[in-house]
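# Structural features, examined
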Amino acid sequence: MSHMSIPQERPPLSEGANIGGRGAPKPASQFLIYCDHFGLSCRPFSLLPDPDFLFWSSNHSRTYAMLEYGLATFAPITVITGEVGAGKTTLIRHLLRDVAQDLRIGLVSNAYGERGQLLHWVLASLHQRVDEWSPYVSRFASFEALLRAEAAEGRHTVLIIDEAQNLSERMLEELRCYSNLNCEGSELLQIILVGQPDLLQVIGRPRMQQFMQRVSARFHLAALPLEAVHQYVGHRLKMAGASRAIFTAEACDLVFEASRGVPRIINQICDYGLVYAFAEGAEAVGAEIIAKVVEDLRIQIAATTPRAR
């Protein structure tokens, strides 16, 4: 396996209803109207995970470092957790794009079912033809043969399970058995589990002790603090071509309070903020516009959330 460097702190880069005509509803595909108004080349606050817009907060850098650490040290199981919308999937997509060529990676985005069905998902993620009527033993033999063939060619196999909080205890135990596969003392398979905090509750149960013993790397991706939210908003706008500050500092403060620092909610609020500002002919998004967005989206502001600058 080629050397994978642990990333250093990445410096920040300056760190619903869509309005067409003034006040007329417009299809979501025509966001270029407000983009033109604010001098943007594309929509800056899409809800889709896009590694091109990845913001390297200190927590995102540490999370990615843990992913690379797990790969570099051949950790049998790596666990990454975070709240819904924290940016876990975006980091995984960046990893897939940036990963070493000697790795073969299978990505299972949302597995469900029980023993045997999980192996079906795993084989499919590795682009293997699966006969769902074949016995489990035959499918497992094919899986092990694939891992050994990859190892013989100098490639290492990594299985990434996204939304891993949906896995049952039986499925997690099955994954643990997969992680025990080795060849002359070397791991044939590494597993990365990415999920919501519920995953930690499941694997922390006393009966999951054997599973936890195979977890060699783990990290929780926390929400952004206030200062990072200011940087995040500026970063997304700059990546979309902005040449000036569009959101006021007071607007960003309110975005932080309403979103509690969760990137997906930040994106939703800021996207609507641009739409509302465009509808009013405003050149900037101020706190009063964000307050209206929050009210309309029925997001309760966390007034007690500490502000750490």
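Each residue is numbered by its place in its chain's sequence as written, counting from 1. Totals for whole chains, interfaces and linings use all residues, but because this is a predicted model, local features are given only for residues with pLDDT of at least 70 and pairs of side-chain atoms are given and counted only at 80 or more. Processing note: side-chain calculations cover all non-hydrogen atoms of the structure and skip hydrogens and water entirely.

### Here we look at the overall build of the protein
- In terms of helices and strands, the protein carries 12 helices and 9 strands.
- Type-normalised accessible area, obtained with a 1.4 Å probe on protein chains alone, sets the label of each residue: buried when under 20%, exposed when over 50%, and partly exposed for intermediate values. Counting all 309 residues of the protein, 49% fall into the buried class.
- Surface exposure here means Shrake-Rupley accessible area, sampled with a 1.4 Å probe, where a residue is shielded only by the protein chains that are shown. Entry remark: accessible area of the protein is about 14,800 Å², with carbon and sulfur atoms responsible for 51%. Going along the chain from the N terminus, every DSSP run of H or I of four or more residues is numbered as a helix, and every run of E of two or more is numbered as a strand.

### Considerations on the layout of surface pockets
- Grid points spaced at 1 Å and placed over the protein atoms alone form the basis of the search, with a cavity being a set where a 1.4 Å probe fits but cannot get out and a pocket an open set showing protein on both sides within 12 Å along at least five of seven lines. Lining residues have an atom within 4 Å of a point. Grid points are joined across faces, edges and corners, and a volume is the space filled by probe spheres set on the points. Taken as a whole, the largest pocket encloses approximately 510 Å³ of empty space.
- Contributing to the lining of the largest pocket are 29 residues, with Pro49, Gly87, Thr89, Thr90 and Arg264 lying nearest its centre.
- Those elements that provide at least two residues to the lining of the largest pocket are helix 3 (88–98), helix 9 (226–239) and helix 11 (263–280).
- Considering every element that reaches the lining of the largest pocket, the biggest residue donor is helix 3, with 5 residues.
- Reported here for the second largest pocket is a volume of approximately 160 Å³.
- In terms of lining residues, the second largest pocket is bounded by 14 residues, among which Gly234, Leu237, Arg244, Ala245 and Ile246 are the most central.
- Listing elements by their share of the lining of the second largest pocket, those giving two or more residues are helix 9 and helix 10 (249–259).
- Here the lining of the second largest pocket takes 5 residues from helix 9, the largest share from any one element.
- Residues belonging to the lining of the second largest pocket are distributed by class as follows: 8 nonpolar, 4 polar and 2 charged. Amino acids are sorted into nonpolar (Ala, Val, Leu, Ile, Met, Phe, Trp, Tyr, Cys and Pro), charged (Asp, Glu, Lys and Arg) and polar (every other residue, Gly among them).

### As for the pattern of salt bridges
- By definition here, a salt bridge exists when the distance from a side-chain nitrogen of Lys or Arg to a carboxyl oxygen of Asp or Glu is within 4 Å. Applying the stated criterion across every chain yields a total of 11 salt bridges.
- Of the charged contacts, one joins glutamate 150 and arginine 155 as a salt bridge, the two residues approaching to 2.6 Å between their closest N and O atoms.
- Residue glutamate 150 is classed as buried on the basis of its relative accessible area of 5%.
- Overall, the relative accessible area of 34% leaves arginine 155 in the partly exposed class.
- Notably, a salt bridge pairs lysine 292 with aspartate 296, separated by 3.4 Å at the nearest N-O pair. Highlighted residues: lysine 292 and aspartate 296, both in helix 12 (residues 287–297), separated by 4 residues, approximately one helical turn.
- By relative accessible area, which is 39% here, lysine 292 ends up partly exposed.
- Of the residues examined, aspartate 296 reaches a relative accessible area of 35% and is grouped as partly exposed.
- Connected through shared salt-bridge partners, Arg104, Glu150 and Arg155 make up one network.

### Notes on the nonpolar core
- Side-chain atoms within 4.5 Å link the members of a nonpolar core, which is a set of buried Ala, Val, Leu, Ile, Met, Phe, Trp, Tyr and Cys residues. Formed by 39 residues in total, the largest nonpolar core has its most connected members in Leu40, Val233, Ile246, Phe247, Leu274 and Ile290.
- The criterion used for residue contact is that any of the two residues' heavy atoms lie within 4.5 Å. In this structure, valine 233 is in contact with Phe45, Phe247, Cys252, Ile266 and Cys270, ignoring residues within four places of it in sequence.
- By size, the runner-up hydrophobic cluster in this structure holds 32 residues, among which are Val122, Leu146, Leu181 and Leu189.

### Concerning the pairing of strand 3 (residues 77–82)
- Judged by how many residues are buried, strand 3 sits mostly within the fold: 6 of 6 residues are covered.
- Alternating residues of strand 3 divide into Ile77, Val79 and Thr81 and Thr78, Ile80 and Gly82, and every residue in both groups is buried.
- At least two bridges found by DSSP between two strands are what make those strands a pair. Across 5 bridges, the pairing between strand 3 and strand 8 (residues 189–195) is parallel. If you follow isoleucine 77 over to strand 8, its bridge partner there is isoleucine 191.

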